[in-house]
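# Structural overview
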Amino acid sequence: MQATTMWIWSPSWQGRFAVAARCWTISRSGCGNMAADALHVVWFKRDLRVADHAALAAACAAGKVLPLFIWAPQVWAAEDANLSQAMFVRECLQALASSLHDLGLHLHVYHHDPLSLLKRLHEKFRIAALYSHEETGNDVTFQIDTQIQRWCMAQSIPWHEWPQHGVVRRLADRRRWQSQWELRMQQTPIAIPPVSAGERLPHHGLDRLPVVAGIDQAGRQHGGIGVADAVMTDFLQRRVQRYQSGLSSPLTAPQACSRLSPYLAWGALSLRSLVQASRAASQANEAMHWRRNLHRFESRLHWHCHFMQKLESEPRIEFESFYPGFEQLQHRLTDATRMTRLQAWQSAQTGWPLVDACMAMLNQTGWLNFRMRAMLMSTASYLLRLPWRQSGSHLARMFLDYEPGIHWPQVQMQSGTTGINALRIYHPVKQALAQDPLGQFVRQWIPALRQVPDSWVLEPWRMPHALQLHYGCVIDRDYPSPLVDVVSAMQAAKQDWFEIRKQMQTAVVQDILQRHASRQSRHFPKVARSHTRRKSAPTSEATALPPVTQLSLLF
Ligand SMILES: Cc1cc2nc3c(=O)[nH]c(=O)nc-3n(C[C@H](O)[C@H](O)[C@H](O)COP(=O)(O)OP(=O)(O)OC[C@H]3O[C@@H](n4cnc5c(N)ncnc54)[C@H](O)[C@@H]3O)c2cc1C
């Protein structure tokens, strides 16, 4: 049985809903089987695909399916949301609607508070069960889930949830995490059984976007299941060969990296399918360098879940430092200085060309490679002394791939507040010399520096005034001088962080290690060993109290 409800258009959604409800009563009395007609609601969240979708498969096997996506106003009004992300999600929803249509299902899209929407649906049509993937989201989605869980229990509506990555809910022991990840990644992707019945009710459709701040970033990636598959294939069959050598420099990274992060963040691609496709590509290729690159790439997919597990296990880290003692470093500036610096950092006006070029690229495209994200965060926290929550919120808004579970642990790691990681303070000029020695990237993103020659472009404030005039880049007129002196800011930061680290309580640090640190890898032995030797290893976490000498690691 396909849709039995008549679709009657009415100017207000409330009205459409009411009209549909009446029609539904008529048709329901016609068939007279209430249990069979009750809805099996598939709540799509950050899993906007049909392939390898446990919740959709289970609902299809159970009865009449109502695929549902809710633009929750509170989610899109939050300080980490941006118009670009909403546009990307809408593109994913368009593709999802089309894939569901091929299965004989109709995607229902509503702008509504999720709890009151589900209440209304239940009141009018009866919900037999709710199906979804577990979400490791921000506090807003966590609160929504908590409310809905309570309501489902009160109404005796089963809410079936499945993990969609390697994140383990209510993880008891971190030591078993890695083997669980591997088990999940090896499972056969879930196939969707034939759909016996779908539902079609009035809904808002895809024309309308939620009320959300910000701009649509002109150079951003586009959403959708088909686009995700195409990006994956292009990466695994062609671009991956330059992965390791190209991922650090912002010049090469946009091509060398997979660029799959927004598709993973919104679930247009299943992580398990990606891991399996990467392993298949490795088996199909004899060349050692190709395999090594795929191996490195797969280790990142592992980090994806390793980081998300941190927020899943301890949601407070979205707002509070892992090690509470670092909170005192968050409020040292006057409000006016903080606002001036934050504004300059966000709008690519710090006076350090590589930092500003990275921010300009991020603001316009929604993406940046890992090392440059880390440098932006390190600059904000150590050199400018901005509270990580504020600078991290700007990055969250700008990242098309914003994934709370990766983002907040990374923000804290690059701000030195975890208590278990080595301190990494990036020197903006040294980074520029290493990653963009001729200033090509800098010139691409900072128009004021386009005419400045190689010898001055990475430190334009050192240029004699006559040359500034000659090259059309007068400091503090066309481009700012650095907000602070790097060397003294680094020294001061080292001293302040060092003071807190000296006084860290071993029991608290041990607790953080037990809960969050990665354990010796059995699945990525080579990668893990080589990375612990690298100064730039982004995930190295000591398994004992980090030695104080690590404080001298400056980049
Ligand atoms: C301050 C900061 C904030 C970050 N916020 C996010 C975020 O909100 N969302 C996000 O997806 N990534 C985030 N990252 C991690 C990383 O920078 C991005 O995943 C990566 O740059 C995305 O590009 P890609 O898909 O081409 O990566 P690839 O190098 O091709 O990696 C493939 C996938 O592996 C995962 N991955 C890669 N590097 C990491 C890492 N260091 N930690 C965890 N997972 C990783 C991602 O899912 C990525 O899509 C953040 C890093 C920093 C330093």
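The rules behind these values
Residues numbered from 1 in each chain as written. Predicted model: local features only at pLDDT ≥ 70, side-chain atom pairs only at ≥ 80, totals over all residues. Heavy atoms only, no water. Helix = DSSP H or I, 4+ residues; strand = E, 2+ residues; numbered from the N terminus. Buried < 20%, exposed > 50% of the residue type's maximum accessible area, 1.4 Å probe, protein only. Contact = heavy atoms within 4.5 Å. Areas by Shrake-Rupley, 256 points an atom, 1.4 Å probe, with all protein chains shown as cover. Axes fitted to C-alpha atoms, helices over the stretch in contact; angles between N-to-C directions. Parallel < 35°, antiparallel > 145°, perpendicular 65-115°, else oblique. Left-handed = near helix turned anticlockwise from the far one by under 90°. Nonpolar A, V, L, I, M, F, W, Y, C, P; charged D, E, K, R; others polar. UniProt positions renumbered as here; feature names shortened; annotations may be inferred. Near = heavy atom within 4 Å. Polar contact = N/O pair within 3.5 Å; in protein donor to acceptor, adjacent residues only side chain to side chain. Domains from an automatic or database assignment. Phe/Tyr/Trp six-rings, centres within 6.5 Å; stacked < 30°, edge-to-face > 60°. Lys NZ or Arg CZ within 6 Å of the ring centre and 35° of its normal. Pairing = 2+ DSSP bridges. Salt bridge = Lys/Arg side-chain N within 4 Å of Asp/Glu carboxyl O. Expected span 1.5 Å × (residues − 1).

By the naming in an unreviewed UniProt entry, the protein chain is Deoxyribodipyrimidine photo-lyase/cryptochrome family protein, taken from Methylophilus medardicus.

## Points about the overall build of the protein chain
For the protein chain, the count of helices and strands is 26 helices and 6 strands. For the protein chain, the proportion of its 555 residues judged to be buried stands at 59%. In the protein chain, the share of contacts with a sequence separation of at least 24, taken over all contacts with a separation of at least 6, comes to 79%. In the form shown here, the protein chain has an accessible surface area of approximately 22,700 Å², with 55% of it arising from carbon and sulfur atoms.

## Quick notes on the environment of W367
By secondary structure assignment, the location of W367 is in the loop between α16 (353-365) and α17 (370-383). The buried category is assigned to W367, whose relative accessible area is 5%. In the structure, W367 is positioned 34 residues away from D401 in sequence and 7.6 Å away in space, judged by C-alpha atoms.

## Brief notes about the packing of helix α15 (residues 335-346) against helix α18 (residues 388-398)
Packed helices, taken two at a time, are described by the angle between their axes plus the distance between the axes. Running from N to C, α15 and α18 point in directions that differ by 25°, and their axes come no closer than 11 Å. Viewed along their axes, α15 and α18 adopt a mutual orientation that is roughly parallel. Crossing hand, α15 versus α18: right-handed. Listed contacts from α18 to R338, L342, W345 and Q346 of α15 are Q390, S391, H394, L395 and R397. Residue classes in the contact of α15 with α18 are distributed as 3 nonpolar, 4 polar and 2 charged.

## Some details on the UniProt feature "binding site: FAD" (unreviewed entry) in the protein chain
According to UniProt, the positions carrying the feature "binding site: FAD" (unreviewed entry) are Y243 and F297. Spanning 55 residues, the named residues nonetheless gather at one spot, since no C-alpha pair among them exceeds 7.5 Å. Residue placement: Y243 occurs in helix α10 (residues 243-246). Y243 sits in the buried class, given a relative accessible area of 5%. Non-local contacts of Y243, meaning those with residues more than four positions away in its chain, are made with F235, A256, C257, S258, N293, R296, F297 and R300. Secondary-structure assignment places F297 in helix α14 (residues 288-313). For F297, a relative accessible area of 3% gives the class buried. With near-sequence residues (within four places) excluded, F297 lies in contact with F235, L236, Y243, S258, L260, L274 and S278.

## A short note on the site of the ligand
Looking at the ligand, there are 27 residues lining it, with Y243, S258, R259, W367 and D401 nearest. A distance of 3.3 Å is found between an oxygen atom of the ligand and a backbone nitrogen or oxygen belonging to L260. Its free accessible area being 820 Å², the ligand has 98% of it covered by the protein chains. Elements with a contribution of two residues or more to the shell around the ligand: α12 (261-265), α14, α17 and α19 (404-413). If you tally residues by element for the shell around the ligand, the top one is α14, at 6 residues. The residue inventory of the shell around the ligand, partitioned by class, reads 15 nonpolar, 7 polar and 5 charged. When we break the shell around the ligand down by domain, the ones giving at least three residues each are domain 2 (225-315) and domain 3 (319-518 + 544-552).

## Section: the packing of helix α9 (residues 225-237) against α14
Between α9 and α14, the least distance of the axes is 11 Å, while the angle of their chain directions is 135°. With respect to their mutual orientation, α9 and α14 come out oblique. On α14, the residues that touch F235, L236 and Q237 of α9 are W290, L294 and F297.

## Here we look at the packing of aromatic side chains
The way to describe two aromatic rings as a pair is by their centre distance and the angle between their planes. This structure, assessed with the given rule, holds 12 aromatic pairs. For the ring pair F69 and W71, a centre distance of 5.2 Å and an interplane angle of 85° mean the geometry is edge-to-face. Across the ring face of W266, the terminal group of R46 is positioned such that the distance to the ring centre comes to 4.0 Å. Here K310 stacks its cationic end above the ring of F307, 5.3 Å away from the centre of that ring.

## Some words on the environment of R175
Along the polypeptide, R175 turns up in the loop between β5 (159-162) and α8 (177-186). With 343 residues separating them in the primary sequence, R175 and S518 have C-alpha atoms 8.3 Å apart.

## Some details on the pairing of strand β3 (residues 108-111)
Both faces of β3 are covered, namely the face carrying H108 and Y110 and the face carrying V109 and H111. Where strand β2 (residues 64-71) and β3 come together, 4 bridges link them in parallel fashion. Residue pairing for β3: L68 is matched across the bridge by H108.

## Describing the pattern of salt bridges
All told, the structure shown has 30 salt bridges when counted by the stated rule. A salt bridge links D52 to R272, with the shortest nitrogen-to-oxygen separation between them at 3.1 Å. Taken together, the positions of D52 in the loop between β1 (39-44) and α3 (54-62) and R272 in helix α13 (residues 271-284) put the pair 220 residues apart, joining distant regions of the chain. We note that D52, like R272, is buried. Note that R373 is salt-bridged to D401, the shortest N-O span being 2.8 Å. On the criterion of sequence distance, the pair formed by R373 in helix α17 and D401 in the loop between α18 and α19 is long-range, its members being 28 residues apart. Taking relative accessible area as the criterion, D401 reaches 8% and is therefore assigned buried. In the salt-bridge network here, residues are joined through shared partners; they are K45, R46, E135, D145 and E403.

## Structural notes on α14
One turn of an α-helix holds 3.6 residues; hence residues three or four places apart share an orientation. Along its 26 residues, α14 runs 38 Å from first to last C-alpha, staying within 8% of the 38 Å computed at 1.5 Å per residue. In terms of burial, α14 is a largely internal element, 20 of the 26 residues being buried.

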